[in-house]
Amino acid sequence: MSALAILNGRVVAGGRVAPGGVLVRDGHIAAIGTFAVPDGAERIDARGALVAPGLVDVGAFAIDAPACAAGGITRAVLMPDQSPPLDNVALVQRAAAAGKPDVWVHPLAAATRGLEGHELAEIGLMARGGACGVATGRGWIADSGVMHRLLAYAGALGLRTVSHPEDGGLAGPAAMTDGETATRLGLPSAPAEAEALAVARDLLLVEATGAPIHFRQVTTARALGLVREAKRRGLPVSCGIAPSHLFLSDIAVTGFRTFARLSPPLRGEADRQACLAAVADGTVDLLCSAHDPQGPEAKRMPFILAEPGMVGAETLLALALGLVRDGLVDLPRLWDLLAAAPARLFGLPAGTLDAGAEADLVLVDEHAPWRISSDRLRAASGNTPFDGLPVQGRAVRLWKGGKPIVLNLG
Amino acid sequence: MPSAPALSDAHPFPHRHLLGIAGLLPHEILFLLDEAEQWVALNRETAKHDERLRGLTLINAFFENSTRTLLSFEIAGKRLGADVVNMGVAQSSVNKGETLIDTAMTLNAMHADAIVIRHDASGAVQLIADKVDCPVLNAGDGRHEHPTQALLDALTIRRRLGQIAGLTVAICGDVLHSRVARSNILCLGTLGATVRVVGPPTLLPPEVERLGVTRFTDMDEGIRGADVVMALRLQRERMAGGFVPSPREYHALYGLTPERLARTAPDALVMHPGPMNRGVEISSSIADDLQRSAITEQVEMGVAVRMACLDVLTRGARRVGNW
């Protein structure tokens, strides 16, 4: 029987932050707050740092254990956009095992074969093999009939469908959102309504089928309004957003910065403000890293030829803490956005410090200053749109199931 | 890497490359136009030669097909005495990714003294410019910028109408896909002209008003009272229903016809960057009207402007005066 006692911390649990510690026995939470430390227990002095559940990252595109560890992420819900796509049970099982022991990967099953948007993949078998949901992948499913059948089928299996809401016809080959920056740079762009259009259709199908949906990222005022309204009517809808769309607008692309080429693309300032408001009022359910490493061969290109995507696993926590400093959310709510809600929505045994829960723990120095630097990240590549940004807060210790994870902080 | 020589505040053109009109100040643009005047004069001589770029290697790297711009840069370089090499790159073989950077490194290793680049992707020229040690001139990148075209247009207007400030210029047609339009909006606006963009709503860029222009979707309204009417080329593949229903309808609604031209200021100047689709964006009778059309003059000014740009941008390397 092994025991670990983290003492002198500030514990984020049960909707509040309270001084105290966490006692771990055999990889599970035994007690929080104040407790008698058993003989022989390993003692950790938290020195006033936050003790909180490890982050659960929904919708990462790559298994990047060093980046996850550095970012305090203990579980990642993996997009099916792998090579090859996760459209059969063997691939799902392999992906589920790929990150252990450092980060536990919960794959999303490809909704359609080859993620092509036409025929349903073997969703039921993949769910038995460990998939925690299904996903349309990087693209949307254009055929409304397919989307309707997918939602009905996945819903009956108790699976949440992760959708990429972007009307393909309206978006076309666009690399940006319509606006002054796109026009100045001469880059093909699409109206921001491409997102709301897709959200509206999917919500109608959710209403028709009763099946739960999660929009991987919702980034525009109009689409967030639709989600807000759907929640008010009690539809089983949730949505996420990455820090990129909370802290950057499309002017970040100026100078053809391919690190700022994202999917969905960065939006105008009014939409960015709407995103912040939607985090504050609870329309947004979770914060995600959108972790998507793209090396120089994919990014050192003319903008329209560069791949979209950014690395975000190790910057998620620091950027999210900025929301607390800005007064948008408090720490307990932040951990709901970063850990509890993601676990709840995808049925993962994580995100809380309830007695008996797996001891996925992160120790956070919420004030530690550091600078995001593209060439010093632990991620598989350095494509962050936040290169050079000074931030505060980082994970200092991490445990997965009570076992320490090496952070390798530089 | 050697740093650029310290330049005083009074330097007439403190830029290493010419990647676009964006970022140029009015006096810098006017400086290039003034410099071009001497080459207009030389080009009209029988012996059109100057030796100031002797020994320098100019590479024209065109990743997109071009006839007139390539020819214009080639003539400009040769008239200044440079060794000019043209590199035409088929779109299929080299237009993507690392290959573009590799090509830039290759050109750099050949010790070019100036590189002129055209590419079909916006921003591609800047990407190459960041990797090479010599001045880079943008000969058109995607739908972003085509600065020498804007300079030659400004020179043409100035020579015909005396000045640019105070004029009303209507840029008509496919503004959305046009780098010529973007550079001209910036250049003419910077020099004090009132700029309008006129075209079908499907071919006008989003929030184009933010560039300081007025937007018109009615051709007759858009050119009313204009001093200069600039027609843009409409690519054939965009006439077939994608952006406008047909060439015939486009001509009826947006073609520059003699009847329409009656609405402009008297003796308004007609311009076109070429190559023209006669009978689509412009009627032949207008294109060929030497009084009103400045189209061939634009081509002539192109060589002079490009000579000026090549001269000015290589002065640092040639250690001219305090450059």
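Read on for an overview of the structure. (Residues numbered from 1 in each chain as written. Chains lettered and ligands numbered in written order. Predicted model: local features only at pLDDT ≥ 70, side-chain atom pairs only at ≥ 80, totals over all residues. Heavy atoms only, no water.)

**Regarding the overall build of chain B**
Applicable threshold: Numbered from the N terminus, helices here are DSSP runs of H or I no shorter than four residues, and strands are runs of E no shorter than two. Note on contacts: a residue pair qualifies if any of its non-hydrogen atoms lie within 4.5 Å across the two residues. The convention is simple: Lys and Arg are positive, Asp and Glu are negative, and His and the chain ends are not counted. Here the site of a charge means NZ on Lys, CZ on Arg, CG on Asp, or CD on Glu.
Along its length, chain B carries 12 helices and nine strands. Counting only C-alpha atoms, chain B reaches 55 × 45 × 40 Å along its principal axes. For chain B, long-range pairs separated by at least 24 residues make up 74% of all intrachain contacts whose partners lie at least 6 apart in sequence. Put simply, chain B has 33 plus and 37 minus side-chain charges, and the middle of one group is 2 Å from the middle of the other.

**Topic: unusual backbone geometry**
Residues and elements named next belong to chain A. Stated formally: Burial classes follow relative accessibility: with a 1.4 Å probe on protein chains only, a residue under 20% of its type's maximum area counts as buried, one over 50% as exposed, and anything between as partly exposed.
That bond from Lys100 to Pro101 is cis: its omega, 5°, falls within 30 degrees of zero. Position of Pro101 among the secondary structure elements: in the loop between α2 (89-98) and β8 (104-110). The amide bond that connects Ser263 to the next residue, Pro264, takes the cis arrangement and shows omega of 0°. Positive phi, close to 55°, is recorded for Phe256, a residue that is not glycine. With respect to the helices, strands and loops of the structure, Phe256 is situated in the loop between α9 (243-247) and α10 (269-280). What makes Phe256 buried here is its relative accessible area of 10%.

**Observations regarding the packing of helix α5 (residues 147-161) of chain B against helix α6 (residues 179-190) of chain B**
Residues and elements named next belong to chain B. This is how the line gets drawn: Axis definition: a line fitted to C-alpha atoms, limited for helices to the stretch in contact. Angles are taken between N-to-C directions and run from 0 to 180 degrees. For this classification, under 35 degrees means roughly parallel, over 145 means roughly antiparallel, 65 to 115 means roughly perpendicular, and everything else is oblique. Helix crossings are classified by the rotation of the near helix relative to the far one: an anticlockwise turn of less than a right angle makes the crossing left-handed, while a clockwise turn makes it right-handed.
α6 packs onto α5 with a crossing angle of 50° between their chain directions and a minimal axis gap of 8 Å. Between α5 and α6, the interaxial angle falls into the category oblique. Relative to α6, the crossing made by α5 is right-handed. Note on element contacts: α6 touches α5 through Val180, Ser183, Asn184, Cys187 and Leu188, opposite Pro147, Gln149, Ala150, Asp153, Ala154 and Ile157.

**Some remarks on the interface of chain A and chain B**
Put simply, the test is: Accessible area that two parts lose when put together, with a 1.4 Å probe and added across both, is what the buried area reports. A pair is scored as a salt bridge if a Lys or Arg side-chain nitrogen falls within 4 Å of a carboxyl oxygen belonging to Asp or Glu. Any pair of nitrogen or oxygen atoms within 3.5 Å is treated as a polar contact; in protein, a donor-acceptor pairing is required on top of that, and neighbouring residues in sequence qualify only through side-chain atoms on both sides. Amino acids outside the nonpolar list (Ala, Val, Leu, Ile, Met, Phe, Trp, Tyr, Cys, Pro) and the charged list (Asp, Glu, Lys, Arg) are all regarded as polar, and Gly is one of them.
With 18 residues of chain A at the interface, the matching set in chain B holds 24 residues. For the chain A face of the interface with chain B, the top three residues by lost area are Thr183(A), Arg184(A) and Arg300(A), together amounting to 34%. Run the count over chain A and chain B and you get one salt bridge. Arg210(B) is paired through a salt bridge with Glu180(A); the nearest N and O atoms lie 3.1 Å apart. Linking chain A with chain B are seven residue pairs in polar contact (both at pLDDT 80 or more). The element best represented in the side of chain A that touches chain B is helix α6 (residues 180-185) of chain A, accounting for four residues. Grouping the constituent residues of the side of chain A that touches chain B by class yields nine nonpolar, five polar and four charged.

**Concerning the packing of aromatic side chains**
What characterises a pair of aromatic rings is the spacing of the ring centres plus the angle enclosed by the ring planes. Basically, it comes down to this: Stacked, edge-to-face and tilted labels apply to pairs of Phe, Tyr and Trp rings (six-membered ring for Trp) whose centres lie within 6.5 Å, assigned for plane angles under 30 degrees, over 60, and everything in between, in that order. Two thresholds decide whether a charge sits over a ring: the Lys NZ or Arg CZ must be within 6 Å of the ring centre and within 35 degrees of the ring normal.
Inspection of every chain in the model, using the stated rule, returns two aromatic pairs over all chains. Ring centres of Phe31(B) and Trp323(B) lie 6.1 Å apart, and the angle between their planes is 25°; on these two criteria the pair is classed as stacked. You can see Phe31(B) sitting in helix α1 (residues 26-43) and its partner Trp323(B) sitting in the segment after α12 (315-318), a full 292 residues away along the chain. The residues Phe31(B) and Trp323(B) share a single accessibility class, namely buried. Taking the ring centre of Phe61(A) as reference, the NZ or CZ of Arg138(A) above it sits at 4.1 Å. We note Lys400(A) situated over the ring of Trp104(A); from NZ or CZ to the ring centre the distance is 4.0 Å.

**Some points on the side chain of Glu166(A)**
Residue and element names in this part refer to chain A. Within the fold, Glu166 resides in the loop between β10 (161-163) and α5 (168-171). Buried charge without a partner: Glu166 forms no salt bridge, and the closest opposite charge is Arg267, 5.0 Å away. Of the polar contacts made by the side chain of Glu166, one reaches the side chain of His164; its length is 3.0 Å. Non-local contacts of Glu166, meaning those with residues more than four positions away in its chain, are made with Trp140, Ala171, Ala194, Ala198, Ser263 and Pro265.

**Considerations on the environment of Val324(A)**
Residues and elements named next belong to chain A. Checked against the element boundaries, Val324 lands in helix α12 (residues 316-325). When the C-alpha atoms of Val324 and Ala306 are compared, they prove to be 34 Å apart, with 18 residues separating the residues in sequence. What Val324 contacts, discounting residues up to four positions off in sequence, is Val329, Asp330, Leu331 and Leu334.

**A few points about the nonpolar core**
Residue and element names in this part refer to chain A. Applied cut-off: Buried Ala, Val, Leu, Ile, Met, Phe, Trp, Tyr and Cys residues form a nonpolar core when they are joined through side-chain atoms within 4.5 Å.
Of all hydrophobic cores here, the largest spans 77 residues; its most connected members are Phe215, Leu287 and Trp335. Among the elements that take part in this core, helix α13 (residues 331-345) stands out by supplying six residues, more than any other. What Trp335 contacts, discounting residues up to four positions off in sequence, is Val12, Leu50, Ala52, Pro53, Leu55, Leu317, Ala340, Val362 and Val364.

**Remarks on α10(A)**
Residues and elements named next belong to chain A. The condition that has to hold: By this rule, a helix spans an expected 1.5 Å times one less than how many residues it contains.
Spanning 12 residues, α10 covers 17 Å between terminal C-alpha atoms, matching the ideal 16 Å at 1.5 Å per step. Restricting attention to buried positions, one finds in α10 the residues Asp271, Arg272, Ala274, Cys275, Leu276, Ala278 and Val279. Buried-residue contacts for α10 involve α8 (221-232), β14 (237-241), α9, α12 and α13. Just past α10, the residue Gly282 takes up positive phi, approximately 90°.

**Focus on the pairing of β14(A)**
Residue and element names in this part refer to chain A. As a reminder, the rule being used: Pairing between strands is defined by DSSP: at least two bridges between the two strands are required.
Most of β14 is tucked away: five of the five residues are buried. Across the two faces of β14 the burial is the same, with Val237, Cys239 and Ile241 and Ser238 and Gly240 all buried. Bridge count between β14 and strand β15 (residues 286-287): two bridges; the pairing is parallel. When the sheet's bridge partners are listed, Ile241 is paired in β15 with Leu287.

**A short note on α13(A)**
Residue and element names in this part refer to chain A. Under the 1.5 Å per step criterion, the end-to-end length of α13 is 20 Å for 15 residues, consistent within 8% with the ideal 21 Å. Buried residues dominate α13, accounting for 12 of its 15 residues. Its side-chain oxygen 3.0 Å from the backbone nitrogen of Arg333, Asp330 forms the N-cap of α13. A positive backbone phi angle near 65° is found at Gly347, which sits one or two residues after α13.

**As for the pattern of salt bridges**
Residue and element names in this part refer to chain B. Applying the stated criterion across every chain, the model contains 36 salt bridges over all chains. Glu74 is paired through a salt bridge with Lys78; the nearest N and O atoms lie 2.8 Å apart. Of this pair, Glu74 and Lys78 both sit in helix α2 (residues 68-79), separated by four residues, roughly a single helical turn. For Glu297, the salt bridge goes to Arg160, with nearest N and O atoms at 2.9 Å. In this pair, Glu297 is assigned in helix α11 (residues 295-313) and Arg160 in helix α5, connecting sequence segments 137 residues apart. On the basis of relative accessible area, Glu297 is assigned to the buried category, the value being 16%. Connected through salt bridges with shared partners, the residues Glu35, Asp50, Arg52, Asp311, Arg315 and Arg318 form a single ionic network.

**Points about the pairing of β8(A)**
Residue and element names in this part refer to chain A. This is how it is decided: With strands facing away from the observer, any crossover in which the path from the first strand over the helix to the second runs clockwise is taken as right-handed.
Taken across its seven residues, β8 has six buried, putting it largely inside the fold. Sheet analysis places β8 next to strand β9 (residues 133-135), joined by three bridges and oriented parallel. Of the residues in β9, the one forming a bridge with Ala110 is Ala135. Regarding the hand of the β-α-β motif, the stretch spanning β8, helix α3 (residues 123-128) and β9 is right-handed.

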